[in-house]
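Structural overview
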Number of protein chains: 2
Amino acid sequence: MKLKQRGKGRRPFVQPILSFVQLLILSVLPAAGTAVADRLILKAQGSFFVGGRTVFTDALTGAPAGFLDLGTNTGNITVDQMYVRYQIPEGSEKHVPIVMLHGGSLSGKSYETTPDGRMGWDEYFLRQHRAVYIPDQVSRARSGFDATIYNEVRLGTRPPGDLPPIRTASREIAWPFFRFGPIFGKPFSNEQFPLQAFDEFDKQVIPDLNAELPEVNPTWANLATLAQRLDGAVLIGHSESGFFPERAVLINSMYVKGAITIETRCPTNLVPEQISILTRVPILVVFGDHLADVPAYATRWMDTFASCQQFVQTVKNAGGNATMMHLPDYRQLGNSHMLMQDNNNLQVADLILEWINDHVEKQKENRKLIH
Amino acid sequence: MKLKQRGKGRRPFVQPILSFVQLLILSVLPAAGTAVADRLILKAQGSFFVGGRTVFTDALTGAPAGFLDLGTNTGNITVDQMYVRYQIPEGSEKHVPIVMLHGGSLSGKSYETTPDGRMGWDEYFLRQHRAVYIPDQVSRARSGFDATIYNEVRLGTRPPGDLPPIRTASREIAWPFFRFGPIFGKPFSNEQFPLQAFDEFDKQVIPDLNAELPEVNPTWANLATLAQRLDGAVLIGHSESGFFPERAVLINSMYVKGAITIETRCPTNLVPEQISILTRVPILVVFGDHLADVPAYATRWMDTFASCQQFVQTVKNAGGNATMMHLPDYRQLGNSHMLMQDNNNLQVADLILEWINDHVEKQKENRKLIH
């Protein structure tokens, strides 16, 4: 396994706008890390939506009649659409496109510039000649959500108990739950998350409205549609969306060329027919470090890990191609739940790229040689 | 005035992922329009947040005690932060950076790829060697919002009447109000908005939670801070945010090098001291066509236009540099409220770039020559 040395001190990309916090950080980092990255050369970039349907609403706003400055409170709106931003670098035609989906109470921002201003996976994969697609989940961020129920409660046409709970993570929960350290304010000695930028990280944490979505989350079908539009893609999911790549495979296995599941609970109630479909696609499950080391959430993380160990074994037993990548077994120590933002995020990316090379792209070449 | 010919048929950037609707559109457009754009060469790109403060909440979720899977419903969260994505092209050091802020029930998506797959202003300004910064307003999209009040109402600790109304625009309102045509479903004969992609446009329309913000919208200070971090920027606001550039100037006039106000109501209650501050910065106000031609909203649009004509005159009378650019007077006919997405969006961009050149950058050169 070739592990290029991309240590903690290396910052191949220095964000030109620096907050005072970041300036403080830079001032204590070795000067060797200040090299400016090469220019980024793109064939194309842009954004678009996948999915979406038109629904009637009787509560365009929560303002009562008489206070409607546009005249009416009813009409048709679009819901369930998924925003996707993409960039296509030179040389990408040799590789499978990558879709990176964020977790709960987060947005596509997860994969962009890290809280301490280092390169995110979006740009790193681009620089490895991969076309990169970053969605916001349905009901989050630029994908929007259906506000009808909130407005109906305000108007009194529905009881408050009908409101779906909106979910936000506090600073005090995020720190230990994301395994930045054993308790709030205290890091692990080998912690990889850039905790000097914890305040910046916390700005990424936004309300999660997924509780208003149906049991079959529209994001799953949108991911399957996206993979089809791209004529094949590797899907990455994280945390809340960790198993969404597999959900997309279960909807349409033709175009998902690889499913990468980062730190989520794997379902244990899949029926044999579902497992059989999942054997058609290479699957990688990734977990970071310190799963048993946060007292408040140790049982939860160990159960989560065990559920995916079982899932990987079940797929293998059915003849599938599934890999469990517990990062400490791959010489990456101290990784948090937000491993795409950790100090060694590019080394973890290299491990994933190597898996894609070995299990998705080489397989493709082999198939071409055989047929 | 040099107006380069960028007609309706020209699509310098063809999005590689085409929906069936888009394929249909392409099939009826002249083949001359299918030229692929030049590569885009970037010095840097990324995203970060501006502003934000930590507040205590007693309703992290709307789930009652006993259903809290992370143990507690209280804690500190970050609110009022503003997400900003940026790209810096080669040659940008000669030019002032541009910040493009979106309007109501919309997000930064407004300035990206148009609904019918043409180049947005974000990429066009990049290709004119401008560093481009695209925020999401505070309480919208990737900037998140404070969900406390919604959860408190669900938990019964607040009455439903406390809920701020969330605002969404229906398809039936957006069409005439954005002046896509005189009534829903009918375009103006010279309409510039790409109505064949109206369904795609409607996916950009998302719930607007600005009603929960204080009267002094945190986005205003965040814009002023952003301009300062960039050591000078031209700020563009649209519709709901149309006057936000001037609000940023009123907070700190040092770093806003130009304020561009697109299609909004201009305040008529500014005091002489405020007008005096606004004379320090070049101001451009832009309006599209058909202001009097939508029966349901003609009075509203004409009043809006008149308020800005008065504002421009007031600033001029006080010795300031203010320009009213009513596009029909600049030979651009048929423009909608969403003029950054209209078929002639790049011609409108050229007019704005020419204004920036004449009123912001040449002024800077002149000042350098004098001093």
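Our structure is the block above this text.
Residue numbers restart at each chain and count upward from 1, following the sequence in its written direction. All chains are assigned letters beginning with A, and all ligands numbers beginning with 1, in the order in which they are written. Local features are withheld for residues below a pLDDT of 70 in this predicted model, meaning they are given only at 70 or higher, and side-chain atom pairs are given and counted only at 80 or more; totals for whole chains, interfaces and linings count all residues. Hydrogens and waters are ignored; side-chain quantities use all the structure's heavy atoms.

**Description of the pairing of strand β5 (residues 233–238) of chain A**
All names here are of chain A. In terms of residue burial, β5 counts as a mostly covered element, since six of its six residues are buried. Classification of residues uses two cut-offs on accessible area relative to the type maximum, computed with a 1.4 Å probe and protein chains only: under 20% is buried, over 50% is exposed, and between them is partly exposed. Segments assigned H or I by DSSP are reported as helices when at least four residues long, segments assigned E as strands when at least two residues long, and all are numbered from the N terminus. Of the two faces of β5, the one holding A233, L235 and G237 and the one holding V234, I236 and H238 are both buried throughout. When strand β3 (residues 98–100) meets β5, the two strands line up parallel, connected through three bridges. Within the sheet, the bridge partner assigned to I98 lies in β5 and is V234. In this description, strands pair whenever DSSP reports at least two bridges between them. With six bridges joining them, β5 and strand β6 (residues 256–262) adopt parallel strand pairing. Along β6, the bridge assignment pairs H238 with I262.

**Describing empty space enclosed by the protein**
Space inside and on the surface of the protein is sampled on a 1 Å grid over the protein atoms alone, with a cavity defined as a set of points where a 1.4 Å probe fits but cannot get out and a pocket as an open set with protein on both sides within 12 Å along at least 5 of 7 lines; lining residues have an atom within 4 Å of a point. Grid points are joined across faces, edges and corners, and a volume is the space filled by probe spheres set on the points. For the coordinates displayed, the defined rule picks out 13 cavities of 30 Å³ or more. Quantified by volume, the largest cavity comes out at close to 110 Å³. Taken together, 16 residues line the largest cavity, and the ones lying closest to its centre are A141 and F145 of chain A together with R140, A141 and F145 of chain B. As a working rule, the residues Ala, Val, Leu, Ile, Met, Phe, Trp, Tyr, Cys and Pro are called nonpolar, Asp, Glu, Lys and Arg charged, and the rest polar, with Gly in that last group. Here the residues of the lining of the largest cavity sort into 10 nonpolar, four polar and two charged.

**Here's the deal with the nonpolar core**
Counting residues in hydrophobic clusters, the biggest one holds 202 residues, and the most contacted among them are W121, F125 and I260 of chain A together with W121, F125 and I260 of chain B. The contact definition used throughout considers only heavy atoms, calling two residues in contact when any of these lie within 4.5 Å. Ignoring anything within four residues of it in the chain, the contact list for I260 of chain A reads V234, L235, I236, G237, G242, P245, L284, V286, I352, W355 and I356 of chain A. Residues enter a nonpolar core if they are buried and are Ala, Val, Leu, Ile, Met, Phe, Trp, Tyr or Cys, with the set joined through side-chain atoms within 4.5 Å. Counting 16 residues, the second largest nonpolar core, distinct from the first, contains Y150 and L209 of chain A together with I166 and L209 of chain B.

**A short note on the relation of the copies chain A and chain B**
Overlaid copies result from least-squares superposition on C-alpha atoms, with residues included only where pLDDT is at least 70 in both. Note on the identical chains: chain A maps onto chain B by a rotation of 180 degrees and an axial translation of 0.0 Å, with an RMSD of 0.0 Å. What the superposition gives is, in effect, a two-fold axis relating one chain to the other. Judged by C-alpha distance, A141 of chain A is the residue of chain A that lies nearest the rotation axis, at 1.8 Å. When the interface residues of chain A are mapped onto chain B, 100% of them again fall at the interface, so both copies present the same face.

**Quick look at the packing of aromatic side chains**
All names here are of chain A. Pairing of aromatic rings covers Phe, Tyr and Trp, the last through its six-membered ring, and needs centres within 6.5 Å; plane angles under 30 degrees mean stacked, over 60 mean edge-to-face, and all others mean tilted. Under the criterion given, the structure shown has 49 aromatic pairs over all chains. Both rings, one in F49 and one in Y83, keep their centres 5.8 Å apart while their planes meet at 65 degrees; by these two values the pair is edge-to-face. Residue F49 is located in strand β1 (residues 40–57), and its partner Y83 is located in strand β2 (residues 75–89); the two are separated by 34 residues in the primary sequence. With a relative accessible area of 0%, Y83 lands in the buried category.

**Description of unusual backbone geometry**
With the exception of glycine, the majority of residues adopt a negative phi angle, and the majority of peptide bonds are in the trans configuration. With a phi close to 60 degrees, S239 of chain A is a non-glycine residue in the positive phi region. With respect to the helices and strands, S239 of chain A occurs in the loop between β5 and α7 (244–251). Despite not being glycine, S139 of chain B has its phi angle at roughly 85 degrees, a positive value. Structurally, S139 of chain B is set in the loop between β4 (132–135) and α3 (148–155).

**So, the state of the cysteines**
Residues and elements named next belong to chain A. Put simply, a disulfide is two cysteine sulfurs that come within 2.5 Å. Taken as a whole, this structure holds two disulfides over all chains when the rule is applied. Between C266 and C308 runs a disulfide, and the two sulfur atoms are separated by 2.1 Å. Between C266 and C308, the disulfide has an S-S torsion of 90 degrees and is therefore right-handed. Residue C266 is located in the loop between β6 and α8 (272–278), and its partner C308 is located in helix α9 (residues 298–317); the two are separated by 42 residues in the primary sequence. For C266, a relative accessible area of 2% gives the class buried.

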